[in-house]
Amino acid sequence: MTKHNLIIIGGGPGGYVAAIRAAQLGLDVACIELDKSLGGTCLRVGCIPSKALLESSEQFSEIKGDLSSHGIMVDGVQLDLGKMLKNKDRVVRALTGGIDSLFKKNKITRYLGRGRITAAGKVTVSGSEGETELTADKIIIATGSVPATLPGIELDGDRIGTSTEALTYGEVPGHLVVIGAGAIGLEMATVWRRLGASVTILEYLDRILPGMDSAIATEALKIFKKQGLNFQLGCKVTGVTTDGKGCTVDIDGADAIHCDRVLVAVGRKPNTAELGLESVGIETDKRGFVPVDEHLATSAEGIYAVGDVIGGAMLAHKAEEEGVACVEGIVNGYGHVNYNTIPAIVYTAPEIASVGQTEDELKEADVAYRKGEFPFIANGRARAIGHTDGRVKILADEKTDRILGAHIIGPHAGDLIAEAAVAMEFGASSEDLARCCHAHPTLAEAVKEASLAVDGRALHM
Ligand code: NAI
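Reading the values: the criteria
Residues numbered from 1 in each chain as written. Predicted model: local features only at pLDDT ≥ 70, side-chain atom pairs only at ≥ 80, totals over all residues. Heavy atoms only, no water. UniProt positions renumbered as here; feature names shortened; annotations may be inferred. Helix = DSSP H or I, 4+ residues; strand = E, 2+ residues; numbered from the N terminus. Rg over C-alpha atoms; globule rule 2.2 N^0.38 Å. Buried < 20%, exposed > 50% of the residue type's maximum accessible area, 1.4 Å probe, protein only. Contact = heavy atoms within 4.5 Å. Lys, Arg positive; Asp, Glu negative; His and termini not counted. Charge placed at Lys NZ, Arg CZ, Asp CG, Glu CD. Expected span 1.5 Å × (residues − 1). Arc of directions from axis to C-beta. Pairing = 2+ DSSP bridges. Axes fitted to C-alpha atoms, helices over the stretch in contact; angles between N-to-C directions. Left-handed = near helix turned anticlockwise from the far one by under 90°. Nonpolar A, V, L, I, M, F, W, Y, C, P; charged D, E, K, R; others polar.

An unreviewed UniProt entry annotates the protein as Dihydrolipoyl dehydrogenase of Symmachiella macrocystis. Note on the protein: under the UniProt heading Sequence similarities (unreviewed entry), the record states "Belongs to the class-I pyridine nucleotide-disulfide oxidoreductase family." In its Subcellular location (unreviewed entry) section, UniProt records this for the protein: "Cytoplasm".

A. Highlighting the overall build of the protein. Counting secondary structure elements, the protein contains 13 helices and 22 strands. Relative to a compact globule of 461 residues, whose C-alpha radius of gyration would be 23 Å, the protein shows 23 Å and is just as compact. On the principal axes, the C-alpha backbone points of the protein span a range of 65 × 60 × 45 Å. Within the span of the protein, comprising 461 residues, buried residues form 50% of the whole. For the protein, the proportion of contacts with a sequence separation of at least 24, taken over those separated by at least 6, is 63%. Seen as two clouds, the 46 positive and the 61 negative side-chain charges of the protein have centres 3 Å apart.

B. Representation of helix 11 (residues 413-425) in the model. Under the 1.5 Å per step criterion, the end-to-end length of helix 11 is 18 Å for 13 residues, consistent within 8% with the ideal 18 Å. Within helix 11 the residues assigned to the buried category are Ala413, Gly414, Leu416, Ile417, Ala420, Ala421, Ala423 and Met424. For helix 11, the buried positions fall inside an angular range of 160° around the axis, keeping them on one side. Those residues of helix 11 that are buried are in contact with strand 18 (344-346), strand 19 (351-356), strand 22 (403-410), helix 12 (430-435) and helix 13 (445-454). Once helix 11 ends, the next one or two residues include Gly427, with phi positive near 70°.

C. Inspection of the UniProt feature "domain: FAD/NAD(P)-binding" (unreviewed entry) in the protein at higher detail. The residues that UniProt annotates with the feature "domain: FAD/NAD(P)-binding" (unreviewed entry) are residues 5-323. Summarising residues 5-323: 31% helix, 26% strand, and an end-to-end C-alpha distance of 16 Å.

D. Just the sheet that holds strand 22, in detail. Taken in spatial order, the five strands make up an open sheet running 18-19-22-21-20, and their pairing is antiparallel. Edge positions in the open sheet fall to strand 18 and strand 20 (369-375), since each of these has one partner strand only. Pairwise comparison of adjacent strand axes, ignoring direction, gives a mean angle of 10° for this sheet. Both strand 18 and strand 19 contribute to a ladder of three bridges, which runs antiparallel. Residue pairing across strands places Ala344 opposite Ser354, the latter belonging to strand 19. Each of strand 18, strand 19 and strand 22 is contacted by helix 11, which is oriented at about 10° to strand 19, the strand it contacts most.

E. Examining the pairing of strand 14 (residues 254-259) more closely. Bridge analysis of strand 13 (residues 247-251) against strand 14 gives four bridges, and the strand direction is antiparallel. The residue bridging Cys247 from the neighbouring strand is Cys259, located in strand 14. Hairpin connection, strand 13 to strand 14: the antiparallel pair is bridged by two residues, and Gly253 has positive phi, about 75°.

F. Up close: the packing of helix 1 (residues 13-24) against helix 8 (residues 316-332). With their axes 8 Å apart at the nearest point, helix 1 and helix 8 run at an angle of 35° to one another. In this structure, helix 1 crosses over helix 8, and the sense of that crossing is right-handed. Across from Pro13, Gly14, Tyr16, Val17, Ala18, Arg21 and Ala22 in helix 1, the residues of helix 8 making contact are Ala316, Ala319, Glu320, Gly323, Val324, Val327 and Glu328. Split into classes, the residues belonging to the contact of helix 1 with helix 8 amount to nine nonpolar, two polar and three charged.

G. Quick peek at unusual backbone geometry. Here Ala349 and Pro350 are connected by a cis peptide whose omega angle stands at 0°. Positionally, Pro350 belongs in the loop between strand 18 and strand 19. Between His440 and the following residue, Pro441, the backbone shows a cis peptide bond with an omega angle of -5°. Secondary-structure assignment places Pro441 in the loop between helix 12 and helix 13. One non-glycine residue, Leu209, adopts positive backbone phi at about 50°. Among the secondary structure elements, Leu209 is positioned in the loop between strand 10 (198-202) and helix 7 (214-226). By relative accessible area, Leu209 is classed as buried at 4%.

See below:
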């Protein structure tokens, strides 16, 4: 039986970041990960490989599209999909290897295998070389989530797959059907559309991107349609079948669709399989998440949980914040996550980014607010780079002017939202943001102008 101060089950963004922080704080840390690569879904089959493919496919479509307005004439652009996929794998390898180095630097003990809690303070690792018994004062569960599917759909890991398969298609599908218009569905639809597939997105709701500001989502829908993505909203998929060469998607009350591949992107579910929760009396909630208190502690003494497995926004950076807060709480007695300032980003073109409350939420909660908006078409830098779709929206409390939410659709929205998140973390008003000098010519000036617009004082509109 090997003893550590802290055992972390799961080496994704929640787990590996918690491990590094705990090591920095002087703990003897063990991290158990099933996969040979650290980094979890985010690095292996999520955020990073999808961003690599989004970047490659965007370059391809920009170059293949019309660059003549820039005075650039291009002929004979060709796609080498194999090379594009290899580049994505190289990016992933470099980053997962980077975490290995961070573990070595911080002297974190890595166990390869499945971790299962067997009693308070006890975990068994089952790997290819048999079982190892570990013991620790504290345990953090950071086992993440796995793709969800729908009744009537059996994933075959090939034609009918999840985002994992959609990151490795060996050829561009003639017709790809995507079920679900959330972040995963839209990002992967964008990749394969740009590479030449015909793409149909089927969404159960009558809108895309549930949870995002609805006016921004409506604007996004218009732009995506212009890019050639087909949408069927208010559409209930009842089943998918495949003959190995193609697929048939059955829809309630509408004609079936025949296509080459189906991507199921209807959300993710917590990963608690074979974790041994019952051995310490932890009961999951009705959706399968591990309940925790404000210190990220479960109902079992000395056992904590962070990241996707506890629910909330299923985002790598939310898991990282929780990992750090949890460890600091264990070691120092305090640690905190401000859930109101966690940004969410969809990496389509244009990008869509959001922090704080949406207009829909403020209306629902009957909060009096003022709104300032600024379109990228009136921003000099957006004009110069030729990406003028979208706008910035700042929402501020009517009485105090404190910023309640920021929503951006437009070029580099994912980077621009950081400014609003920082402002909100410091309790800034829209006046504070508006009075900050923003360099010219930058896209960030649109954030300043939207802040000025809260008070009806935008200068360039
Ligand atoms: P999601 O929950 O964001 O979207 C799933 C969509 O599927 C929803 O619009 C839902 O209404 C729809 N849907 C559900 N049942 C359906 C049905 N029967 N027929 C048609 N549509 C149906 O889930 P998604 O996109 O799979 O992402 C999973 C998680 O990963 C999310 O929490 C997401 O935020 C996170 N993620 C974040 C990314 C980012 O930050 N850029 C990228 C990828 C994922």
